[in-house]
Amino acid sequence: MNLGIGTVLSRALRLWWDDWVPFLLLNAAWFLMQLTVVGGPPATAALYAMVGESHDGVYWGPRDAWTAFRRYFWPAWRWGLPNLAFLIVAVFNFAAYWDTPGLSWALLRWLWALTLFAWFGLNLFYWPFWLAQDDKSLRTTYANAARFFLLNPTAGLILTGLSLILTLASIVLTLPFTLALACWLASVATVAVQQSLERRRSRS
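Rules of the game
Residues numbered from 1 in each chain as written. Predicted model: local features only at pLDDT ≥ 70, side-chain atom pairs only at ≥ 80, totals over all residues. Heavy atoms only, no water. Helix = DSSP H or I, 4+ residues; strand = E, 2+ residues; numbered from the N terminus. Rg over C-alpha atoms; globule rule 2.2 N^0.38 Å. Buried < 20%, exposed > 50% of the residue type's maximum accessible area, 1.4 Å probe, protein only. Areas by Shrake-Rupley, 256 points an atom, 1.4 Å probe, with all protein chains shown as cover. Lys, Arg positive; Asp, Glu negative; His and termini not counted. Charge placed at Lys NZ, Arg CZ, Asp CG, Glu CD. Patch = residues over 30% accessible without salt bridge, like charges linked within 9 Å, V, L, I, M, F, W, Y side chains within 5 Å. Salt bridge = Lys/Arg side-chain N within 4 Å of Asp/Glu carboxyl O. Phe/Tyr/Trp six-rings, centres within 6.5 Å; stacked < 30°, edge-to-face > 60°. Axes fitted to C-alpha atoms, helices over the stretch in contact; angles between N-to-C directions. Parallel < 35°, antiparallel > 145°, perpendicular 65-115°, else oblique. Left-handed = near helix turned anticlockwise from the far one by under 90°. Contact = heavy atoms within 4.5 Å. Nonpolar A, V, L, I, M, F, W, Y, C, P; charged D, E, K, R; others polar.

*Asks:* What is the right way to look at the overall build of the protein chain in this model?
*Replies:* Looking only at helices and strands, the protein chain features 11 helices and zero strands. Beginning at the N terminus, the succession of helices and strands in the protein chain can be written as α-α-α-α-α-α-α-α-α-α-α. Its C-alpha atoms give the protein chain a radius of gyration of 17 Å, within 12% of the compact-globule value 17 Å for 204 residues. Seen through its C-alpha atoms, the protein chain measures out along the principal axes to roughly 55 × 40 × 30 Å. Per-residue burial for the protein chain yields a buried fraction of 43% across its 204 residues. In the structure as shown, the protein chain presents an accessible area of about 11,400 Å², 71% of it carried by carbon and sulfur atoms. Counting 14 positive and 9 negative side-chain charges, the protein chain places the averaged centre of each group 6 Å from the other.

Encoded structure:
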């Protein structure tokens, strides 16, 4: 049985709405950390961790977010460095060869776009798996994220597509990106991963 998209979105919306005030503050802090570059990856890890706490019904505050930021600083950068390198290469390829004529270049651009889509999807679900599992390695976490797509192809693709559209729209509008986007994406990913894990545990 595939993961229910409507159920994931409704539960994610409820999760976000129940803690919308601390989530707005958390998202704003996350945005400011992205501007520092150095604080970007650990802020992302801390944000996902706090959304996970809200999902589990655990009260958290600024001190907990700061503790998570420090605790996950180096694990987050082990995740962030290869992703930063990948993003730089991808942006360079698109910028340098966007107008290059020829069928082969057009096919390459489509391949790059699909690769970016897959990269976005894997990273969308990366931190909920990393936080839930005992093995904290990059390989295991990405393998679990990829397995999520294999087990829930329709839900995975649709949730990734909707999240990507929302991300692009939020960047254009600026304010949603600053105040709400990251916590909303983390809510969707956390709910989806937790539901998938619960279904797998119930079957075993």
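*Asks:* Where do I start with a nonpolar patch on the surface in this structure?
*Replies:* Together, Trp17, Trp20, Val21 and Leu25 give the surface a local cluster of nonpolar side chains, amounting to about 460 Å² of exposed area. No other element matches the three residues that helix α2 (residues 20-36) contributes to the nonpolar patch. The topology assignment puts Trp20 in helix α2.

*Asks:* What is the right way to look at the packing of aromatic side chains in this model?
*Replies:* Each aromatic ring pair is summarised here by two numbers: the centre-to-centre distance and the angle between the ring planes. Overall, the coordinates contain 18 aromatic pairs when judged by the stated rule. Put simply, the rings of Tyr72, Trp79, Tyr126, Trp127, Trp130 and Tyr142 touch in pairs and so form one group of aromatic residues.

*Asks:* Mind showing me how you'd approach unusual backbone geometry here?
*Replies:* Trans is the common state for peptide bonds, and a negative phi is the common state for residues other than glycine. The backbone phi angle of Val37 is positive, close to 70 degrees, even though this residue is not glycine. Topologically, Val37 is positioned in the loop between α2 and α3 (40-55). In this structure, Thr174 is a non-glycine residue whose phi angle is positive, near 70 degrees. In this fold, Thr174 is placed in the loop between α9 (153-173) and α10 (175-179). Judged by its relative accessible area of 46%, Thr174 falls in the partly exposed class.

*Asks:* Would you mind going over the packing of α3 against helix α11 (residues 181-203) with me for this structure?
*Replies:* Helix-helix packing is described using two parameters, namely the angle between the two axes and the distance between the axes. In contact at an axis separation of 9 Å, α3 and α11 are set at 55 degrees when each is read in the N-to-C sense. One finds that α3 runs oblique with respect to α11. Note on packing geometry: the crossing formed by α3 with α11 is right-handed. Residues Leu47, Tyr48, Val51, Gly52 and His55 of α3 touch α11, and the partners they reach there are Ala182, Cys183, Leu185, Ala186, Ser187, Ala189, Thr190, Val191 and Gln194. Residues that form the contact of α3 with α11 fall into these classes: nine nonpolar, five polar and no charged.

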